[in-house]
Amino acid sequence: MKAARFYDRGDIRIEDIPEPVVEPGTVGIEVAWCGICGTDLHEFMEGPIFIPPCGHPHPISGESAPVTMGHEFSGVVYAVGEGVSDIEVGQHVVVEPYIVADDVPTGPGDKYHLSRNMNFIGLGGRGGGLSEKIAVRRRWVHPISKDIPLDQAALIEPLSVGHHAFTRSGAKAGDMALVGGAGPIGLLLSAILKAKGLSVIITELSSARKQKAAESGVADYIRDPSQVDVVEEVMKITDGNGVDVAFECSSVNSVLDTLVAATTSAGVVVIVSIWSHPATINVHSVVMKELDVRGTIAYCNDHQETIKLVEEGKINLEPFITQRIQLDDLVSKGFDTLIHNNESAVKIIVQPRIG
């Protein structure tokens, strides 16, 4: 079968590799669509980061580069391994793409996403969604309704990142939220916030991203920091109170500064983006306003609720898909677009198998 394989920085190859073996306790999935994540892009430009370098196998998967990429994917079950009795051939599914040790519990309240040596399918080994087929351990496979188109279902993984950020924030219906940055995660997080009954202000520079925020209906207010003082605008909107909760989705320090200034006393600032460089924060404001500043990473028992929101029609994922490509065009039409013209793209999804 065809698969996209990461060898080293700037070196991704479309190769023929053996189909996966559906072992006991696993589910064989024919991949329908797979999204290109910002993490994939960072691996291509700066890696290996999450991907174990050649000759340095991951302690859980035992694999190192080259590895098959892709962790945002949907598909159809084509086989079930011995011992799997609650998944059927033909079911539509998405995957929560974790690699954690076998003895790590994944029930309610278990923080398996913070477990030692955690990594992700499609980065740390165990196959990936940028291939025609994959075999995944049952506990990471989530059935979805066939009413959800499989191309849209590929966005459930990044949507779950937004859901986890919302959960970490402690926000509730009726709260006012400020989202700093309308990239893919900022937009999908905003969709979660709207579905949960919050009012949303988005701050964003890019015209294309501002337009997408408006078209998708995920923002009540959109403010451009190059045109207005965002903090002043927030205070006008909130009658001088500030927002209840703010989400940093840009890894830009000036955005973080704006969020701290625009958040009300005893409010919450959640850092969602992955920072590759140190940041500064106005600690005096954090102290004087008794702000909570929280981090969030990936998801933890979020997929079920996220899937439910989509199945109930509370979130429409179609507006966020900006390009559909074939696996052979992964670098030329996928990575190159995101590197050189990323403001035009929200989510590029890849079809590994033609037809």
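Up top is the structure.
Residues numbered from 1 in each chain as written. Predicted model: local features only at pLDDT ≥ 70, side-chain atom pairs only at ≥ 80, totals over all residues. Heavy atoms only, no water.

Caption draft 1: Geometry of the layout of surface pockets. Empty space within the second largest pocket amounts to approximately 520 Å³. If you trace the second largest pocket, you find 24 residues lining it, with Pro 20, Glu 63, Arg 126, Gly 127 and Ala 135 closest to the centre. The element that contributes the greatest number of residues to the lining of the second largest pocket is strand β9 (residues 133-137), accounting for five residues. (1 Å grid on protein atoms, 1.4 Å probe; cavity = no way out; pocket = protein on both sides within 12 Å on 5 of 7 lines; lining within 4 Å. Points joined across faces, edges and corners; volume = space filled by probe spheres on them. Helix = DSSP H or I, 4+ residues; strand = E, 2+ residues; numbered from the N terminus.)

Caption draft 2: Local environment of the packing of aromatic side chains. Counted under the stated rule, the structure contains seven aromatic pairs. Aromatic side chains Phe 44 and Phe 335 sit 5.0 Å apart centroid to centroid with 45 degrees between the ring planes, which places their arrangement in the tilted category. Remark: Phe 335 occurs in helix α10 (residues 330-340) and Phe 44 occurs in helix α1 (residues 38-46); sequence separation between them is 291 residues. Each member of the pair, Phe 44 as well as Phe 335, carries the same accessibility label: buried. Ring plane angle 80 degrees and centroid distance 5.8 Å describe the contact between Phe 50 and Phe 120, whose orientation is recorded as edge-to-face. Remark: Phe 120 occurs in strand β8 (residues 119-120) and Phe 50 occurs in the loop between α1 and β4 (67-68); sequence separation between them is 70 residues. Through a chain of ring-to-ring contacts, the aromatic side chains of Phe 50, Tyr 98, Tyr 112, Phe 120, Trp 140 and Tyr 299 assemble into a single cluster. Between the NZ or CZ atom of Arg 13 and the centre of the ring of Tyr 7, over which it lies, the distance is 3.7 Å. If you follow Lys 133 out to its NZ or CZ, it ends over the ring of Tyr 78, 4.5 Å from the centre. (Phe/Tyr/Trp six-rings, centres within 6.5 Å; stacked < 30°, edge-to-face > 60°. Buried < 20%, exposed > 50% of the residue type's maximum accessible area, 1.4 Å probe, protein only. Lys NZ or Arg CZ within 6 Å of the ring centre and 35° of its normal.)

Caption draft 3: Structural detail: the pattern of salt bridges. For the structure on display, the rule yields 21 salt bridges. Where Arg 137 meets Asp 102, a salt bridge forms, and the shortest distance between an N and an O atom there is 2.4 Å. Pair noted here: Arg 137 is in strand β9 and Asp 102 is in the loop between β7 (98-99) and β8, with a separation of 35 residues, a long-range link. A relative accessible area of 32% means that Arg 137 is categorised as partly exposed. You can call Asp 102 exposed: its relative accessible area is 57%. Among the ionic pairs, Asp 175 bridges to Lys 172, the shortest N-O distance being 3.2 Å. Note on Lys 172: relative accessible area 54%, which makes it exposed. Put simply, Glu 30, Glu 132 and Arg 353 are held in one network by salt bridges that share partners. (Salt bridge = Lys/Arg side-chain N within 4 Å of Asp/Glu carboxyl O.)

Caption draft 4: Representation of the side chain of His 164. Structurally, the position occupied by His 164 is in helix α3 (residues 156-169). Residues in contact with His 164, not counting those within four places in the same chain, are His 113, Thr 296, Ile 297, Ala 298, Tyr 299, Cys 300 and Asp 302. (Contact = heavy atoms within 4.5 Å.)

Caption draft 5: The arrangement of helix α7 (residues 253-262) in detail. When α7 is considered as a whole, its buried residues turn out to be Asn 253, Val 255, Leu 256, Leu 259, Val 260 and Ala 262. Those residues of α7 that are buried lie in contact with β11 (176-180), α6 (230-237), β14 (243-248), β15 (263-271) and α8 (283-288).

Caption draft 6: Just the sheet that holds strand β13 (residues 221-223), in detail. Spatial strand order, β13-β12-β11-β14-β15-β16: six strands in an open sheet with parallel pairing. With one partner strand each, in any of the chains shown, β13 and β16 (292-295) form the two edges of the open sheet. Going from strand to strand, the sheet's axes swing by 20 degrees on average, the running direction of each strand aside. The pairing of β11 with strand β12 (residues 199-203) spans five bridges and is classified as parallel. Directly across from Met 176, in β12, lies its bridge partner Ser 199. Here α3 sits on the sheet and contacts β14, β15 and β16; the angle it forms with β14, its principal contact strand, is near 140 degrees. (Pairing = 2+ DSSP bridges. Axes fitted to C-alpha atoms, helices over the stretch in contact; angles between N-to-C directions.)

Caption draft 7: Looking closely at the pairing of strand β6 (residues 92-95). Here β6 shows a buried face lined by His 92 and Val 94 and a second buried face lined by Val 93 and Val 95. Pairing of strand β5 (residues 72-80) with β6, which is carried by three bridges, proceeds in the antiparallel orientation. Considered in β6, the bridge of Val 76 is made with His 92. The sheet contact formed by β6 and strand β10 (residues 141-143) spans three bridges and is antiparallel. For Val 93, the partnering residue across the bridge sits in β10 and is Pro 143.

Caption draft 8: Focus on the sheet that holds strand β2 (residues 11-16). With antiparallel pairing, the three strands of this open sheet are ordered in space as β2-β1-β4. Lying at the two open borders of the sheet, with one neighbouring strand each, are β2 and β4. Pairing of strand β1 (residues 2-8) with β2, which is carried by six bridges, proceeds in the antiparallel orientation. Opposite Ala 4, over in β2, you have Ile 14 as the bridge partner.

Keep in mind these numbers describe shape, not what the thing actually does.
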